[in-house]
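What follows is the residue order along each chain.
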Amino acid sequence: MAAALAAKTAVWTPSSSFSSACLSEASKAGRMVAGSGSFVTGACLQLGSRTSSLRGTGVASTNSMRCQRSSRSIGVVSPRAVSDSQSPGDTCLDPDASRSVLGIILGGGAGTRLYPLTKKRAKPAVPLGANYRLIDIPVSNCINSNINKIYVLTQFNSASLNRHLSRAYSSNMGGYKNEGFVEVLAAQQSPENPNWFQGTADAVRQYLWLFEEAQVLEFVVLAGDHLYRMDYQQFIQVHRETNADITVAALPMDEARATAFGLMKINEKGRVVEFSEKPKGDALKAMQVDTTVLGLDADRAKEMPYIASMGIYVVSKEAMISLLRDDFPDANDFGSEVIPGATKLGRKVQAYLYDGYWEDIGTIEAFYNANLGITKKPVPDFSFYDRSAPIYTQARFLPPSMMLDADVMDSVIGEGCIIKNCKIYHSVVGLRSWVAEGAVIQDALLMGSDYYETDQHRSELLLSGGIPMGIGKNSVVKRAIVDKNARIGSNVKIVNKDDVEEAARENDGYFIKSGIVTIIKDAVIPNGTII
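Residues numbered from 1 in each chain as written. Predicted model: local features only at pLDDT ≥ 70, side-chain atom pairs only at ≥ 80, totals over all residues. Heavy atoms only, no water.

### Examining the sheet that holds strand S29 (residues 493-494)
Part 1 of the argument: Spatial ordering of the open sheet is given by S17-S20-S23-S26-S29, a layout of five strands whose pairing is parallel. For this open sheet the edge positions go to strand S17 (407-409) and S29, each flanked by a neighbour on one side alone.
Part 2 of the argument: Relative to strand S20 (residues 423-425), S17 runs parallel, the two being bridged by three bridges. The partner of Met409 across the bridge, within S20, is Tyr425. (Pairing = 2+ DSSP bridges. Helix = DSSP H or I, 4+ residues; strand = E, 2+ residues; numbered from the N terminus.)

As structure tokens, this is what we get:
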């Protein structure tokens with residue numbers, strides 16, 4: 001019994017130099033999860049620069065004093081029922097991120113490559129992982145990194161995104177002494193600028209008048225359509241320690257993948273000296289770097305001799321204002337114009353290595369693979385089961401899912417589903433999904449529904465020849481995405497029987513991209529249809 005308990009628990013005792021202030025700050029940042037009894041441990045590091053005050057804000061920093069206080073050793077017993085983030089060490093930013101950093105999440109453009117999922121919603125509002133939406137990823141990373149002042153810039157189909165953000169984050173951000181918010185900033189016309197957002201840099205420039213009022217040192221600029229988990233405090237720490245103007249998150253790459261990304265070349269100090277967009281041949285070879293400079297071990301460095309920009313930046317406030325207003329007043333994009341231009345001007349542009357799972361959800365294929373990746377065993381590509389860095393979303397207060405005589409294997413089932421006498425293999429089933437008797441769901445993503453239909457309404461629909469929401473009796477769905485509120489009739493086969501790679505059948509309720517059938521939101525697929 002004792003041996004079994006020891007195998008399931010881990011005991012950690014910090015050194016006496018660990019700061020009680022860091023413990024409390026990490027707790028605020030979501031490092032301590034209520035009811036779990038777990039804590040992600042590590043050293044508390046003091047920064048050598050930008051530690052005395054918020055520049056020009058008049059807000060004195062007391063964090064450095066708190067970080068110097070020692071605390072007695074604390075033992076934490078942590079049951080390993082689910083995963084914990086493997087962090088190289090907790091940081092102790094001075095000033096801390098909640099008071100000195102502003103998060104800016106870019107909602108992206110029209111999302112044409114994700115169409116039809118973006119037909120009625122912004123790209124960051126696309127459902128993800130049964131219960132979530134894409135925007136929950138960067139917002140949760142911010143909250144877990146103690147960044148609680150967050151703006152989301154949107155332009156296209158933003159109604160559902162606005163609704164989700166207001167319901168999920170409007171009432172639980174910040175506290176009495178520390179204001180917190182998640183606010184949407186929509187594209188707008190003004191006398192000074194009659195145009196809509198022309199790109200990432202232009203979007204930030206148009207709201208620069210608002211951002212410069214914030215009493216912060218840095219802006220963290222994020223994308224709203226990436227899937228990853230990152231502690232931005234470590235990112236910010238590197239930015240401050242290297243005294244950089246801009247720090248770019250960099251992903252190590254092998255040669256096979258490198259040709260699809262914008263690559264960076266660094267010197268022996270990790271300073272970015274050159275950019276190259278999707279190079280090939282000799283130009284690709286010229287972009288090889290020694291990634292051990294950024295902390296990658298020697299074996300991994302040989303496998304991954306390239307670093308690609310992730311489109312995630314920490315930018316000092318003064319540098320952002322100067323670059324967008326003075327140096328590049330007409331630049332529209334950060335990745336292709338502002339960051340390379342800043343390097344040429346001699347600005348300090350630093351690389352920060354992120355060696356973890358990261359996926360740009362830019363296409364239907366990438367979206368499909370990222371979702372089914374969470375069902376992978378024994379270890380999923382991305383785990384939502386992380387106590388120390390949870391992914392937050394709207395509280396919907398749905399009942400547990402009900403599965404009656406169902407055969408479910410290697411799948412993730414969202415909240416409030418009703419699944420009857422069917423087979424579900426290697427699939428993700430979204431909230432409020434209804435799967436009827438005899439159905440087979442395989443290698444598929446069902447996004448679920450926005451609301452329930454009553455049993456009476458479903459019966460009336462069936463009697464009148466209508467089709468209720470969900471998957472009908474004896475229907476087969478394979479290698480497909482079924483968007484929300486879709487009505488799939490009985491004996492339907494969504495299997496791409498002709499192995500079509502690309503097809504646009506919007507009037508029939510579906511598209512095919514990269515061989516993946518996508519059923520449009522609110523579509524009705526009649527009984528007996530074969531796709």
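Having put the structure on the table, let's press on.
### A word on the packing of aromatic side chains
Part 1 of the argument: In the structure shown here, the tally under the stated rule is 13 aromatic pairs.
Part 2 of the argument: Judged by centre distance (6.3 Å) and plane angle (45 degrees), the ring pair of Tyr357 and Phe382 falls under tilted. Separated by 25 residues along the polypeptide, Tyr357 in the loop between strand S14 (349-353) and strand S15 (358-360) and Phe382 in the loop between helix H15 (364-372) and strand S16 (402-404) bring together distant segments of the chain.
Part 3 of the argument: Ring pairing ties together the aromatic residues Tyr132, Tyr357, Phe382 and Phe384, which thus form one cluster.
Part 4 of the argument: In this structure, Arg458 packs its charged tip against the face of Trp434, placed 3.8 Å from the ring centre. (Phe/Tyr/Trp six-rings, centres within 6.5 Å; stacked < 30°, edge-to-face > 60°. Lys NZ or Arg CZ within 6 Å of the ring centre and 35° of its normal.)

### Some points on the layout of surface pockets
Part 1 of the argument: For the largest pocket, the calculated volume is near 1,300 Å³.
Part 2 of the argument: In terms of lining residues, the largest pocket is bounded by 45 residues, among which Thr200, His226, Gly311, Asp333 and Asp360 are the most central.
Part 3 of the argument: Every element with two or more residues in the lining of the largest pocket is listed here: strand S6 (149-154), helix H7 (200-206), strand S8 (218-223), strand S12 (272-277), strand S13 (306-316), helix H14 (334-344) and S15.
Part 4 of the argument: When residues of the lining of the largest pocket are assigned to their parent elements, the largest contribution, five residues, is made by H14. (1 Å grid on protein atoms, 1.4 Å probe; cavity = no way out; pocket = protein on both sides within 12 Å on 5 of 7 lines; lining within 4 Å. Points joined across faces, edges and corners; volume = space filled by probe spheres on them.)

### Observations concerning the side chain of Ser309
Part 1 of the argument: Tracing the backbone through its elements, the reader meets Ser309 in strand S13.
Part 2 of the argument: With residues near it in sequence (within four places) discarded, Ser309 still touches Val248, Ala249, Gly262 and Met264. (Contact = heavy atoms within 4.5 Å.)

### Things to note about helix H6 (residues 159-169)
Part 1 of the argument: Within the sequence span of H6, burial applies to Ser160, Leu161, His164, Leu165, Ala168 and Tyr169. Looking straight down H6, one finds its buried side chains confined to an arc of 130 degrees; they lie on one side. Summarising the geometry of H6, the exposed residues directed more than 90 degrees from the buried face are Ala159 and Arg167. (Buried < 20%, exposed > 50% of the residue type's maximum accessible area, 1.4 Å probe, protein only. Arc of directions from axis to C-beta.)

### A short note on the side chain of Asn485
Part 1 of the argument: As for its placement among the helices and strands, Asn485 is situated in the loop between strand S27 (480-482) and strand S28 (487-488).
Part 2 of the argument: Side chain to side chain, Asn485 and Asp522 meet in a polar contact 3.3 Å long.
Part 3 of the argument: Excluding anything up to four places from it in sequence, Asn485 contacts Gly448, Ser449, Asp450, Tyr451, Met469, Lys521, Asp522 and Ala523. (Polar contact = N/O pair within 3.5 Å; in protein donor to acceptor, adjacent residues only side chain to side chain.)

### A short note on the pattern of salt bridges
Part 1 of the argument: Throughout the structure, instances matching the rule amount to 20 salt bridges.
Part 2 of the argument: One salt bridge connects Glu506 with Lys119, and the closest N-O pair in it is separated by 3.0 Å. With Glu506 in the loop between strand S30 (503-505) and strand S31 (510-513) and Lys119 in the loop between strand S3 (101-106) and strand S4 (127-128), the pair connects residues that are 387 residues apart, well separated along the chain.
Part 3 of the argument: Put simply, Asp483 and Arg121 hold a salt bridge, and the shortest N to O gap is 3.0 Å. On the criterion of sequence distance, the pair formed by Asp483 in the loop between S27 and S28 and Arg121 in the loop between S3 and S4 is long-range, its members being 362 residues apart. (Salt bridge = Lys/Arg side-chain N within 4 Å of Asp/Glu carboxyl O.)

### Details of the pairing of strand S11 (residues 262-266)
Part 1 of the argument: Burial within S11 is extensive, with four of its five residues counted as buried.
Part 2 of the argument: Pairing of S11 with S12, which is carried by five bridges, proceeds in the antiparallel orientation. Within the sheet, the bridge partner assigned to Met264 lies in S12 and is Phe275.
Part 3 of the argument: Across two bridges, the pairing between S11 and S13 is antiparallel. Residue pairing across strands places Met264 opposite Ile307, the latter belonging to S13.

### A closer look at a negative patch on the surface
Part 1 of the argument: On the surface, a cluster of negative charge is contributed by Glu365, Asp499, Glu501 and Glu502.
Part 2 of the argument: One can find Asp499 in the loop between S29 and S30.
Part 3 of the argument: According to the relative accessible area criterion, Asp499 is exposed, its value standing at 62%. (Patch = residues over 30% accessible without salt bridge, like charges linked within 9 Å, V, L, I, M, F, W, Y side chains within 5 Å. Areas by Shrake-Rupley, 256 points an atom, 1.4 Å probe, with all protein chains shown as cover. Lys, Arg positive; Asp, Glu negative; His and termini not counted. Charge placed at Lys NZ, Arg CZ, Asp CG, Glu CD.)

### What to know about H15
Part 1 of the argument: Burial runs high along H15: seven of the nine residues are buried.
Part 2 of the argument: Within the span of H15, buried status applies to Ile364, Ala366, Phe367, Tyr368, Ala370, Asn371 and Leu372.

### Quick notes on the packing of helix H13 (residues 317-327) against H14
Part 1 of the argument: For the pair H13 and H14, interaxial distance at closest approach is 11 Å and the crossing angle is 110 degrees. Judged by the inter-axis angle, H13 sits roughly perpendicular to H14. For the pair H13 and H14, the contacting residues are Met320, Leu323 and Leu324 in the first and Phe334, Val338 and Ala342 in the second.
Part 2 of the argument: Of the residues that constitute the contact of H13 with H14, the class distribution is six nonpolar, no polar and no charged. (Axes fitted to C-alpha atoms, helices over the stretch in contact; angles between N-to-C directions. Parallel < 35°, antiparallel > 145°, perpendicular 65-115°, else oblique. Nonpolar A, V, L, I, M, F, W, Y, C, P; charged D, E, K, R; others polar.)

### Quick notes on the sheet that holds S31
Part 1 of the argument: Taken in spatial order, the seven strands make up an open sheet running S18-S21-S24-S27-S32-S31-S30, and their pairing is mixed. At either end of the open sheet lies a strand with only one pairing partner, and these are strand S18 (412-413) and S30.
Part 2 of the argument: Two strands pair when backbone bridges link them, and strand S24 (residues 445-446) and S27 are joined in this way by two bridges, in the parallel orientation. In the sheet register, Leu446 faces S27, and the bridge partner there is Val482.

### With respect to the nonpolar core
Across soluble globular proteins, nonpolar side chains have a tendency to be buried as a group.
Part 1 of the argument: If you look at the biggest cluster of nonpolar residues, it comprises 66 residues, and the most contacted ones within it are Val139, Tyr228, Met230, Tyr232, Phe367 and Ile481.
Part 2 of the argument: Excluding its chain neighbours within four sequence positions, the residues that come into contact with Tyr232 are Pro138, Asn141, Cys142, Ser145, Ile147 and Leu222.
Part 3 of the argument: By size, the runner-up hydrophobic cluster in this structure holds 47 residues, among which are Leu185, Val248, Ile266 and Val315. (Core = buried A, V, L, I, M, F, W, Y, C linked by side-chain atoms within 4.5 Å.)

### Remarks on the environment of Asp136
Part 1 of the argument: Looking at the element boundaries, Asp136 is found in helix H5 (residues 136-144).
Part 2 of the argument: The exposure class of Asp136 is buried, given its relative accessible area of 0%.
Part 3 of the argument: Spatially, the C-alpha atoms of Asp136 and Ile391 are 6.6 Å apart, while their sequence positions differ by 255 residues.
Part 4 of the argument: Among the polar contacts listed, one links the side chain of Asp136 to the side chain of Tyr169, at a separation of 2.6 Å.

### Regarding the pairing of S6
Part 1 of the argument: For S6, the tally of buried residues reaches six of six residues, placing the bulk of the element in the interior.
Part 2 of the argument: Residues of S6 alternate between two faces, with Lys149, Tyr151 and Leu153 on one and Ile150, Val152 and Thr154 on the opposite face, all of them buried.
Part 3 of the argument: When S3 meets S6, the two strands line up parallel, connected through four bridges. The residue bridging Ile105 from the neighbouring strand is Val152, located in S6.

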